[in-house]
Structure formats: structure tokens, C-alpha cells
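The primary structure of each chain is shown beneath.
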Amino acid sequence: MDFTADSLLSRAAHELSPRADELIHDVEQCLRREVPELWDEPEIAQMTRENIAEHVIALLFGIEHGIEPRRIDQPAADAERARRLAQRGKPVTAMLRAFPLAQGRILDRLLDMMSRLTSDAESINAATRKLIALSIAYMDRTSETGVLAFQEERDRRVQWRLSVVNEASVRVGTTLDIARTAQELADLATEHLADAVTVDLLDTSSGEEPPAKGTLVVRRVAQRSVLDGYPETTCLEAICGESSVPPQQLHRYPHGSPPARALVTGRPSRHYLGPSASMLLVPLCARGITLGVAQFFRHHKPDAYGDEDLLLAQEIAVGAAVAIDNARRYTHARATALALQRSLLPQSTPAQSAVDVACRYLPAAAELGVGGDWYDVIQLSGARVALVVGDVVGHGIHAAATMGRLRTAVRTLADIDLPPDELLTHLDDVVIRLSAEVSAQTDTESAGDIGATCLYAVYDPVAGCCILARAGHVLPTVMTRDGTADILELPAGPPLGLGGLPFESAEINLPEGSLIALYTDGLIEALDHDIEAGLTRLRQALAQSSTSLEATCDTVLEALLPADRPHDDVALLLARTHTLGDSQVATWDVDANPAEVARVRASVSEQLTTWGLEELDFTTELVVSELVTNAIRYGRPPIQLRLIHDRTLMCEVADAGNTTPHLRRARVFDEGGRGLFLVAQLAEHWGTRHARRGKTVWAECATGTPELFSDAAPLEV
């Protein structure tokens, strides 16, 4: 039978059409071998099968009926399938390689059929040339349509991915809080990438370095689901072989599980958990350290995760890991500074009878760091007590360290019993020296001037008065027992560190039960009100009735500070005054006559009997004898002896001389020089304090039966 080229092609296509399934299977097997990336995902494999079948049937139908290539109806879903390839992250080269391979298998089958239909070489050659031209035209048209659809989807996906990454850079890491940063990652991912997200971090304490990679104990820091109650997390973790983990709970990954491998290797991975479930595992790594792992679950979305999704998850996780690491490092630095700050503050107040005290320190908001506010309560001689509040300029660990140095300096100067104005003068010199030392260190972060303010007050419960001096500090507030709260007007003093300007003190009477409040400016100054408004609120808070000083502290803080952390750190010291009555104090004027010593001893013995302290009679008479004798011999009149019965027995001898006695070791043949040595052995503490005129030498004896010279070696006779 004679065939034309057209009739031969038509007849060959007609003969192949009933066996199209065989041809489709042949093409499929070829593509499985040559283009495996089209078959590694069930969804893409099914789409490829459908695409092969529709193209084979369409091409055979067009050839059989002599339809021009440009008029052959392409599969309606052809462009959509190309877009799906782009969405799944498949390369366009896979599609372009598949077309000629499939075309070759179809041509082979048609040529084989034509050789069976006729032996006319001329007809076969003519039909072959026409078949090749027709198939090339069809393939070009199909490839063009697919590539255009693929590239459009690819560009759209790239733009979308860039927008998600950009959004992540804005939304993730807005604070220096580890948990919040992890939650921001989970929230963003559930909006764009996942049905459920969990973020687990290797367990650390307060931002310390994560443990070794082999340690797989993690904490569930954040999780988020498109539905309430995290049902997908529970379901998919069960599929993955894990149990549900509550938020902030410690748990351990099973050895060899996908999350465990991700933590150990630091490599991301994709996993298919079921017909409609898939998971991405992305380790959170920053600066060469594995911090944890983020798990992205897809359950409700129709598409399983692809390579593009894994790449997007990695890009988001990289920024989140850096933010978490920054938060971790900041948390560690802040915890260190806060621990330093709190270790430098008083851990407890000394036991004394002059005042009842309550104190608070609150650090500033996290973004500002630890500051240099401090308070102190220092027990002084004569039953007096020093109340101190100060504020170092700036924030951070250097401010905290400077605060510690200044607090130590204040306590050292207070031990010398300097008056408040003189103490601030010496403290000003200390700050100037510290500032000079720091300014010379230009290669460190601490370089710069040091500034501070301070309020120093000394309360005397015997006289019922308080002497105060301030160095640029906010004024204190005093509330009397009638409920009237007033701001104390004190002489203005310059901040510490300026130098060259004097400090002045003021003396006020504080009746029994008065409440004095010392604080830093962070308590009364805020962004929404000025200092005057803060002082008004403070007076109102102090006037409220409360069961204790601790409750008053809480009332003041609640009334003046916001619910969250204050914008500046705050130190607050409340003191309620007490007085020592005449029944606890005995005073004698002493003439500058050695014969007075015996009279004084007798008077002291009688007073001790009145107080029920007969066990201290011997030691107290010795101490008083030595102190009075020294005042008569080396001091200047007038001379006065005072005994104070409080928690201890205090002996004070005052005279108008300015010569300070010193403890020394007497030689064997010295007639004097042993008096103060005896005082130092018999008394718990002793010292000298100077006043505007004269000095006072004091000794403090503990109540109870004394153990005299308990550590002395026995005499050799």
C-alpha cells in the first residue's frame, strides 16, 4: 500500500493510540532514570505522570488528525504544573531535559510503527522529516509555555521569600529577651511557612554558654500553632516518635531522632511524616555555636515542604539565631552586672536601736542596664547611725563597680566618724581621683568622667537630732507622727567629682517615730511627670497608713513606679527614728583633777547596779579609769563622761583637746602607755571621733559576763 508522508504519520499515530499506555509507561521509565528529581516527591511524581499521559495523548491525536503543532491543544494544567515545579523548588533544567527525552521515546515508537506499515524508504524518509519538524515545533511551543509560567512563578516566589526574610529582620529580635525572640520566630513562621512551630534551646542558666553538642537536654522556649492548644504539634510529634512538651519544660530528644541529629550535626533537613504531614528541622546556630533547633510542621497546608521552603526556613532561622545569641549574651552580661550590683549592696542592715529601716533596690529596664544607685546603713559610735543613699552617673557594669568603690569609701570615712560635710569633701576627692584614673584608660570601654550624687545623714538617738549633707542629690522627705510629710530644705552641694566647692550640713530635730525617706531620682522622676509631681506622689504615699515599714516601701514603689521596670534604677531607704531616754543615758562632768577618777568609778559602779549590769562592773571601771585619766592628763577641760546602755554598754569621755590618742606597745621599763592597750583588750570596739571643738574617746563593752584575757598565755613563775 502506497502512503504519503501525511497518511503514513496519521496511520502510525492511529496504530499507536490503542497502545498509548505502553508508550506512556516507556516514557515514564526513561524519565525516572534520566530525571530523578521529578520523582523524589510523591506529589511531583504524580504530577509528572499526569503530564506525560496528557502530552502523549495530545501529540498522538494531533498527528493522527493532521493538526498543525500550534493548533494542537496543550494540557490545560500544563502552565499550572510548571508553576508547581517552581513552588516546589525544582530547577527549570529538569523540565527542559524531560521534554527532549520524552520526545525521543515517542519518535522511536512512531518510526518503528512506520517501518512496520511500509517498506518504502522514500515515504518513510519524508514522513520522518515531517515528524521531526512537527515534534520540534510542538516541543518548542510546550517548552516556551512551561518556561514562562515557571519563571513567573519563580520570580514571584523570590519576591515573596525576600519579603518574608525582610519581615523577619524587622519582627524577630525586637528585644533582648530570649523567650520573646524565640516566640517572635514561631509567630512569624506560622503566618507564612508552617501550621505549627516549636523552638527548643539547649538548656543554659541565665545566658551562659550552651553545653556541648552531644548534650541533648533542651527547653521548649516557644511554640505556636494555627489552632489553639497546639494540636498539630502534639499530633506530628507523636508521628515523629516524640511526646508533647509543655512550654518552658525541659525534655530530652531520643538518641538518633531527627532533632537529635540536627543538634549534633548542625545540618537542616526535611522529613515526610505522613500522607499530608511534613517537617523541617533547622538548627539555630550563631557564631559557631549551636543554640537549639526549630521545628516547622506542615499539616493543614496541601503542599509538603520542598527545598525552597527549607532554604527560606534557614534564612529566617539564621537571623533569629543571631538575635537569640545577642539576647543570651546580653542576659549573661546583665545578670553578671546585676549580681555584682546586688553583692555590693548591703545584704542586711546592722542591728541597732536608733532607727527601724526598710530598703529597696530596683534595676532599670533591661535595655538600659544596671545602674549605680546604692544605699547603706552604717552603725556609728554613741548609738548613732549613718544613712546613705547615692547615685553613680551611667549604667552598666562599670557604674556598678564604681558604686561599690564609693560605698567602700563611704564606710571607711564613716569609721573615722567624720561629720557629713567633711565626709562628702573627702568623698569628692575620691571621685576626682577615680575619674582621673579612668580617663587615662583611653583604650577601654570604661574611659570617661565619673560623676555621682550622695546624701549622707547621721542620726543621734540620744539627742534626737539628725545632721545631713548632700552632694547634688535629691532632697529627702520627713514625715512626723502627726502625718505631715515635708521635703527637707538642705544646703545645696555640688555633685561629686567637680571639686573646689564646699559642702554644708544642716541639723534638724527628729521626734520619736519620725519617718525619713532617702531615695534616688529614679523614684520621683519619670517620663510622664517631673520631679515636683513625683515628690507630691511620694508625700501622699508616705502619709498612707501601713502595718510596717516594709509595707510602706511597697506602697511607695507601687504609687510612683510603672508596672514594668522603671526607666532608671531606684534606691529607696526608709528609717523610723527612736530615741534613748534618760533611763538609758548617764552623764557626769569631770574636773581636771586626778582625784576625780575614784569618784567617777564609784558613780559608774552605782549606775551599773541600777541598770542590772553588775557583771560589767570590773571591766567598765577599768575602761572608765583609763579614759578619764587620759583626758585629765593629756586633754583640756571641760571633760565629760557619758554611759549609754543600749544593745551594748558604751563609755564616752569628751574633752576640748584635739590630740588623738594612739594605741602603742609600751616597752618593759615605760611607766605609761598601757592604758589604751587595756581598753582595747577589755572593750569590743574603741575609737575617737572629733567634733567642731574637742574630741570624744569611746569604748564599747558587750553585755554579759566578760572573758578577760581569754587568749593570754600563762605566766611562767
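Up top is the structure.
Keep in mind that what you see is a predicted model, and the values were worked out from it rather than measured. (Residues numbered from 1 in each chain as written. Predicted model: local features only at pLDDT ≥ 70, side-chain atom pairs only at ≥ 80, totals over all residues. Heavy atoms only, no water.)

## Remarks on the overall build of the protein
No. 1: Within the protein one finds 18 helices and 21 strands.
No. 2: Taken across its 717 residues, the protein has 50% of its residues classed as buried.
No. 3: For the protein, the proportion of contacts with a sequence separation of at least 24, taken over those separated by at least 6, is 69%.
No. 4: When the accessible surface of the protein is split by element, carbon and sulfur atoms take 52% of a total near 33,900 Å². (Helix = DSSP H or I, 4+ residues; strand = E, 2+ residues; numbered from the N terminus. Buried < 20%, exposed > 50% of the residue type's maximum accessible area, 1.4 Å probe, protein only. Contact = heavy atoms within 4.5 Å. Areas by Shrake-Rupley, 256 points an atom, 1.4 Å probe, with all protein chains shown as cover.)

## Thoughts on the pattern of salt bridges
No. 1: Within this structure, the stated rule accounts for 40 salt bridges.
No. 2: Here Glu184 and Arg180 are joined by a salt bridge, their closest N and O atoms 3.6 Å apart. Taken as a pair, Glu184 and Arg180 lie in helix α7 (residues 178–192) at a separation of four residues, close to a single helical turn.
No. 3: Its salt-bridge partner being Arg689, residue Glu652 comes within 3.1 Å of it at the nearest N-O pair. Remark: Arg689 occurs in strand β20 (residues 685–690) and Glu652 occurs in strand β19 (residues 648–655); sequence separation between them is 37 residues. The burial state of Glu652 is the same as that of Arg689; both residues are buried. (Salt bridge = Lys/Arg side-chain N within 4 Å of Asp/Glu carboxyl O.)

## Description of the nonpolar core
No. 1: Ranked by internal contacts, the top residues of the largest apolar core, which has 82 residues, are Leu387, Tyr456, Tyr519 and Leu523.
No. 2: When near neighbours in sequence (up to four residues on either side) are disregarded, Leu523 contacts Leu538, Val556, Leu557, Leu560, Leu561, Val570 and Leu572.
No. 3: With 46 residues, the next largest nonpolar core counts Leu38, Ala45, Ala94 and Met139 among its residues. (Core = buried A, V, L, I, M, F, W, Y, C linked by side-chain atoms within 4.5 Å.)

## Concerning the packing of helix α4 (residues 78–87) against helix α6 (residues 121–171)
No. 1: Following both chains from N to C, one finds α4 and α6 inclined at 40 degrees, their axes separated by 8 Å at the closest point. One element, α4, and the other, α6, form an angle in the oblique class. When the axes of α4 and α6 are compared, the crossing they make is right-handed. Taking contact as the criterion, the partners of Asp78, Ala79, Ala82, Arg83, Leu85, Ala86 and Gln87 in α4 are, on α6, Thr142, Gly146, Ala149, Phe150, Glu152, Glu153, Arg154, Arg156 and Arg157. (Axes fitted to C-alpha atoms, helices over the stretch in contact; angles between N-to-C directions. Parallel < 35°, antiparallel > 145°, perpendicular 65-115°, else oblique. Left-handed = near helix turned anticlockwise from the far one by under 90°.)

## Here we look at the sheet that holds strand β2 (residues 217–225)
No. 1: In spatial order, the strands read β3-β2-β1-β6-β5-β4; together these six strands make up an open sheet with antiparallel pairing. Both outer strands of the open sheet, β3 (250–252) and β4 (269–274), are each paired with one neighbouring strand and no more. Shown here is a sheet whose adjacent strand axes are inclined to one another by a mean of 30 degrees, direction ignored. (Pairing = 2+ DSSP bridges.)

## As for the pairing of strand β1 (residues 196–202)
No. 1: Most of β1 sits inside the fold, with seven of its seven residues counted as buried.
No. 2: Burial of the side chains of β1 extends over both faces: Ala196, Thr198, Asp200 and Leu202 are buried on one face and Val197, Val199 and Leu201 on the other.
No. 3: In terms of strand pairing, β1 meets strand β6 (residues 289–298) through six bridges, oriented antiparallel. Pairing of Val199 across the sheet is with Ala294, part of β6.

## Some words on helix α11 (residues 397–415)
No. 1: The end-to-end C-alpha distance of α11, which contains 19 residues, comes to 27 Å, matching closely the 27 Å that a straight helix rising 1.5 Å per residue would cover.
No. 2: Within the sequence span of α11, burial applies to Ala399, Ala400, Thr402, Met403, Gly404, Leu406, Arg407, Ala409, Val410, Leu413 and Ala414.
No. 3: Of the residues trailing α11, Asp417 is marked for its positive phi of about 65 degrees. (Expected span 1.5 Å × (residues − 1).)

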